[in-house]
Amino acid sequence: MRLRLQPSTAIATIALFVALGGTSYAVTGGTSYTTIPINGSQLENRSVSGVKLRPNTVTGYEVNVSNFPTVPSAHSADQATSATTAKNATNATNATNAKYATTAKSATNATNATNATNATNATNATNATTATTAGTITGTISGGQVSSAVANATNASTAASATNATNASNATNATNATNVDGDQLANISDTNSSSTAVTILTDLGGLSLAMRCVSGTVDIDANTSVSGASFGIGAVANGTATSFEKAEGNFTIGTAITSASSAPAQLSFSYRQPDGTVAAGTLTVFDNSGTCSAFGVAEAS
């Protein structure tokens, strides 16, 4: 007897072998292919581009943000509160270097700042309250605010305690200063046409001077604010010494020493307190038809 294979049996046999083999085959248009899962280890490095990723699929959890580089610089920030370098910041409160800041309160270097309150170096600042070096300052600063903080102030309107200043009230070296290197200066320039005393020098190192105009002579009255002082005043007219008045350690408060000089004359005076404070100066006196005048300079240290 001959066994004949039916078509239905052949198809069933092929399906059985496919199922037992564990591999799925699909036929589309006569072509077969195999579906195989792929894991990360099978991908080549740098082989997947960003455009192949589905949008919004990568989150911070998958990214190591600590490996991101630091932002190189922020040149034009509106506000930089605590920046190391703020070149063009509107407000830089605590910046190490603020070259072009409108307001730099606590900057180490503020080259062209409008207001530099506590700057170490402020070259061209409008107002520099407490600056070590201030090249050009035009603001008004009280002595209490400055407090010996301005080291160099070339053109300062008011610099109470500056080391070097051209036009300062109190400076170690200054062209036009009231006090220079601790010494007190005074200019004398007064007139008087009566016998009533007019004060021409007030308490310079404890010495005060007054001038009276009496019948063609110029009288200079000296007074001390400290008893036990010494004083001397001499007059020279036409190259000849005309008078000399002195008190050696017995110049007392309330007792005036008077030098009467026929004008014109050149007067020189010196004064010393018991503690060593010294004042000295020179005067030129004239009598112009009953109006006496005196001018000169004095210094105390």
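Residues numbered from 1 in each chain as written. Predicted model: local features only at pLDDT ≥ 70, side-chain atom pairs only at ≥ 80, totals over all residues. Heavy atoms only, no water.

Q: Explain the packing of aromatic side chains to me, please; I cannot follow it from the model alone.
A: The geometry of an aromatic ring pair is captured by two quantities: the separation of the ring centres and the angle between the planes. Scanning all chains against the criterion turns up 3 aromatic pairs. Judged by centre distance (6.3 Å) and plane angle (80°), the ring pair of Phe251 and Tyr271 falls under edge-to-face. Separated by 20 residues along the polypeptide, Phe251 in strand β19 (residues 240–251) and Tyr271 in strand β21 (residues 265–272) bring together distant segments of the chain. When sorted by exposure, Phe251 lands in the same class as Tyr271, which is buried. (Phe/Tyr/Trp six-rings, centres within 6.5 Å; stacked < 30°, edge-to-face > 60°. Helix = DSSP H or I, 4+ residues; strand = E, 2+ residues; numbered from the N terminus. Buried < 20%, exposed > 50% of the residue type's maximum accessible area, 1.4 Å probe, protein only.)

Q: Would you mind showing me how to read the pairing of strand β22 (residues 278–288) here?
A: Two strands pair when backbone bridges link them, and β21 and β22 are joined in this way by 8 bridges, in the antiparallel orientation. Across the sheet, residue Gln266 finds its bridge partner in β22, namely Thr284. Between β21 and the antiparallel strand that follows it, β22, lie 5 residues; Gly276 among them carries a positive phi value of about 100°. Looking at chain direction, β22 and strand β23 (residues 291–300) are connected through 10 bridges and run antiparallel. When the sheet's bridge partners are listed, Gly281 is paired in β23 with Ala298. (Pairing = 2+ DSSP bridges.)

Q: Would you take a moment to explain the nonpolar core for this structure?
A: Across soluble globular proteins, nonpolar side chains show a tendency to be buried alongside one another. Leu209, Phe231, Phe251 and Phe269 are the most contacted members of the largest nonpolar core, which has 31 residues in total. Sort the elements by how many residues they give to this core and strand β18 (residues 229–237) lands first, with 5 residues. (Core = buried A, V, L, I, M, F, W, Y, C linked by side-chain atoms within 4.5 Å.)

Q: Is there a simple way to think about the environment of Asp190 in this case?
A: Summarising the element assignment, Asp190 is placed in strand β14 (residues 183–192). Given the relative accessible area of 26%, Asp190 is considered partly exposed. Along the sequence, Asp190 and Ala294 sit 104 residues apart, while their C-alpha atoms lie 5.5 Å from each other. Setting aside residues up to four positions removed in sequence, Asp190 forms contacts with Thr199, Ile200, Met211, Cys292, Ser293 and Ala294. (Contact = heavy atoms within 4.5 Å.)

Q: I keep staring at the side chain of Thr284 and nothing clicks. Help me out?
A: With respect to the secondary-structure elements, Thr284 resides in strand β22. At 3.0 Å, the side chain of Thr284 and the side chain of Gln266 are in polar contact. (Polar contact = N/O pair within 3.5 Å; in protein donor to acceptor, adjacent residues only side chain to side chain.)

Q: What should I look at first to understand unusual backbone geometry in this one?
A: Negative phi characterises most residues that are not glycine, and trans characterises most peptide bonds. In the segment running from Ala263 into Pro264, the intervening peptide bond is cis, with an omega of 0°. You will see that Asn238, though not glycine, has its phi angle at about 55°, which is positive. The residue Asn238 is located in the loop between β18 and β19 in this model. Even without being a glycine, Ser289 presents a positive backbone phi close to 55°. Among the structural elements, Ser289 can be located in the loop between β22 and β23. Ser289 sits in the exposed class, given a relative accessible area of 75%.

Q: Looking at this structure, I do not really get the pattern of salt bridges. What am I missing?
A: The tally for this structure, following the rule as stated, stands at 3 salt bridges. For the salt bridge of Asp221 with Arg212, the shortest nitrogen-to-oxygen distance reads 2.7 Å. Glu248 serves as the salt-bridge partner of Lys246, at 2.8 Å between the closest nitrogen and oxygen. Comparing Lys246 with Glu248 shows no difference in burial state: the two are exposed. Sharing partners across several salt bridges, the network here consists of Arg212, Asp219 and Asp221. (Salt bridge = Lys/Arg side-chain N within 4 Å of Asp/Glu carboxyl O.)

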